[in-house]
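Listed here are the chains, written in short residue letters.
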Amino acid sequence: MTFYEELQWRGLIKDVAGEDIADKLNNEKITFYWGTDPTADSLHLGHYSSLVTAKRFAKAGHHPILLCGGATGLIGDPRPTAERDIIAKDTLNKNLAGIKAQIDRLFDGKAEIVNNYDWMKDFSFLDFLRDIGKFINVSYMLGKDIIARRLETGITFAEFSYTLIQGYDFLHLYRTKNCIMQAEGADQWGNITTGLELIRKIEGKEAYGFTMPLVLDKYGNKFGKSAGNALWLDINKTSSYELYQYLINVDDSMVIDYLKIFTFLTPEQINELEAKNKEHPELREAHKALAKEIITDIHSAEEYEKAVDISQKLFSGNLKGLSVKDIEIGMKDVPNVEIAEGTSLIDVMVGNGIAQSKREAREFLAAGSITLNGDKFQDENTPVTKELAIEGQVIVLRRGKKKQFIVRFK
């Protein structure tokens, strides 16, 4: 299959502009750009879907320009429901540094990263209106979906003008870097077409637009959202273990689509995983492949292996070899109890609701249901000390297969 046909097979094409775009992508080497605003100091898994596509283009011989919106970030892309909060300049610059480092890491230090503040900072308001604003009709802007949806609730002039600035980014990169295509998520179609319109009216030339469908889960929520929180590419905000747990548990009906979108596995490899997933879904081979490919690309093969190791040890209850940090990462939602060192095991259990009474505690102990850091204990008088703890700080007390508590010392 051709490169364009593979993009279609992977479900990566939502809308395109330019009649011969398939021919361009199959037979020429073009320069394109993808951009994001620095609304946080890290990108998240939603951004990653677009960056993987940009890497896919690069592997096919096309040249990506990755734009960080130091100028557009000062205004904020209009949201469907309400105006974005203005970001302080110091915060924005910190966010820019974090995002640039992540993009550079994903592209192995070979990314061409640009900041639209560099060409917007000296553009006076009057010059912008004269040189750019005069070419875009207000009725054209009102027809943009995101603007039309905000008219009833109200939209500021700053937000209304956002599409002009992003459109100018495309024009500027077209002029200075022969960038002939913008590739974004589907929600940026309106801004892409503004750039195409400026290039057509000012330069008299045709350029190209390409959007990818927004990646959603089974329930229509944005991919990478967990309990209302984004899964970040910054390992200090979202650990490899947390990323692994999310990916290994994605819905069976979606995992093959995600393999197509997020990985560089070949169609043959993905088809083989699809067959295995249908025949033996309990083995979760497709899910494991998804986790391995994404975590290795974002962080490293070592971080993937570490995530698997933590998962296996936490699942089995054999915690030997894990650090306090590993425990804290893998057991974020486990209840914590605090005890005085040397408290007897039975008093730890009864005093912290692990057992409702001494009689019940003795029943759990006699049945072999109580483990401390994976080791079984049955003597109710065992003193719980730092010698039993991981790094002298933490003990994971497990009651049966599912109930767990993190014990710390006062």
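The preceding data block contains the structure.
A quick note: this is a predicted structure, and the numbers were derived from the prediction, not measured. (Residues numbered from 1 in each chain as written. Predicted model: local features only at pLDDT ≥ 70, side-chain atom pairs only at ≥ 80, totals over all residues. Heavy atoms only, no water.)

Caption draft 1: Main features of the sheet that holds strand β2 (residues 31–36). As summarised here, the arrangement of the six strands in space is β1-β6-β5-β2-β3-β4, forming an open sheet in which the pairing is mixed. Where the open sheet ends on each side, the last strands, each with one partner, are β1 (15–17) and β4 (112–115). On average, adjacent strands in this sheet sit at an angle of 25° to one another, irrespective of strand direction. Contacts from helix α3 (residues 45–59) reach β2, β3 (63–68), β5 (179–185) and β6 (208–212) within the one sheet, and its direction differs from that of β2 by about 165°. (Pairing = 2+ DSSP bridges. Helix = DSSP H or I, 4+ residues; strand = E, 2+ residues; numbered from the N terminus. Axes fitted to C-alpha atoms, helices over the stretch in contact; angles between N-to-C directions. Contact = heavy atoms within 4.5 Å.)

Caption draft 2: Inspection of the pairing of β6 at higher detail. By the criterion of burial, β6 is predominantly enclosed, with five of the five residues buried. With burial as the criterion, each face of β6 is covered, one bearing Y208, F210 and M212 and the other bearing G209 and T211. Alignment of β1 against β6, held across three bridges, turns out to be antiparallel. Counted as the bridge partner of A17 is G209 from β6. Bridge count between β5 and β6: five bridges; the pairing is parallel. When the bridges of β6 are listed, Q182 appears paired with G209. In this fold, the crossover linking β5 to β6 by way of helix α10 (residues 189–203) has right-handed handedness. (Buried < 20%, exposed > 50% of the residue type's maximum accessible area, 1.4 Å probe, protein only. Right-handed = clockwise from strand over helix to strand, strands pointing away.)

Caption draft 3: Highlighting a negative patch on the surface. Taken together, the side chains of E19, D20, D23 and E206 define an acidic patch exposed on the protein surface. Along the polypeptide, E19 turns up in the loop between β1 and α2 (21–27). Assessed through its relative accessible area of 84%, E19 is described here as exposed. (Patch = residues over 30% accessible without salt bridge, like charges linked within 9 Å, V, L, I, M, F, W, Y side chains within 5 Å. Areas by Shrake-Rupley, 256 points an atom, 1.4 Å probe, with all protein chains shown as cover. Salt bridge = Lys/Arg side-chain N within 4 Å of Asp/Glu carboxyl O. Lys, Arg positive; Asp, Glu negative; His and termini not counted. Charge placed at Lys NZ, Arg CZ, Asp CG, Glu CD.)

Caption draft 4: Focus on the sheet that holds strand β10 (residues 370–372). The strand order across the open sheet built from five strands is β9-β13-β12-β10-β11, with neighbouring strands paired in mixed fashion. Every other strand in the sheet has two partners, leaving β9 (336–339) and β11 (375–376) as the edge strands with one partner each. Two strands pair when backbone bridges link them, and β9 and strand β13 (residues 403–409) are joined in this way by four bridges, in the parallel orientation. Residue pairing across strands places N336 opposite I406, the latter belonging to β13.

Caption draft 5: Quick look at the packing of aromatic side chains. What the rule picks out here adds up to ten aromatic pairs. Ring centres of Y258 and F262 lie 6.2 Å apart, and the angle between their planes is 80°; on these two criteria the pair is classed as edge-to-face. Separated by four residues within a single helix, Y258 and F262 lie in helix α12 (residues 255–262), roughly one turn from each other. Residue classification places Y258 among the buried positions, given a relative accessible area of 3%. Classification of F262 by relative accessible area gives buried; the value is 1%. Among the aromatic side chains, those forming a connected cluster through ring pairs are F3, F32, F57 and F210. A cation sits over an aromatic face here: K134 above F135, 4.7 Å from the ring centre. If you follow K237 out to its NZ or CZ, it ends over the ring of W232, 4.8 Å from the centre. (Phe/Tyr/Trp six-rings, centres within 6.5 Å; stacked < 30°, edge-to-face > 60°. Lys NZ or Arg CZ within 6 Å of the ring centre and 35° of its normal.)

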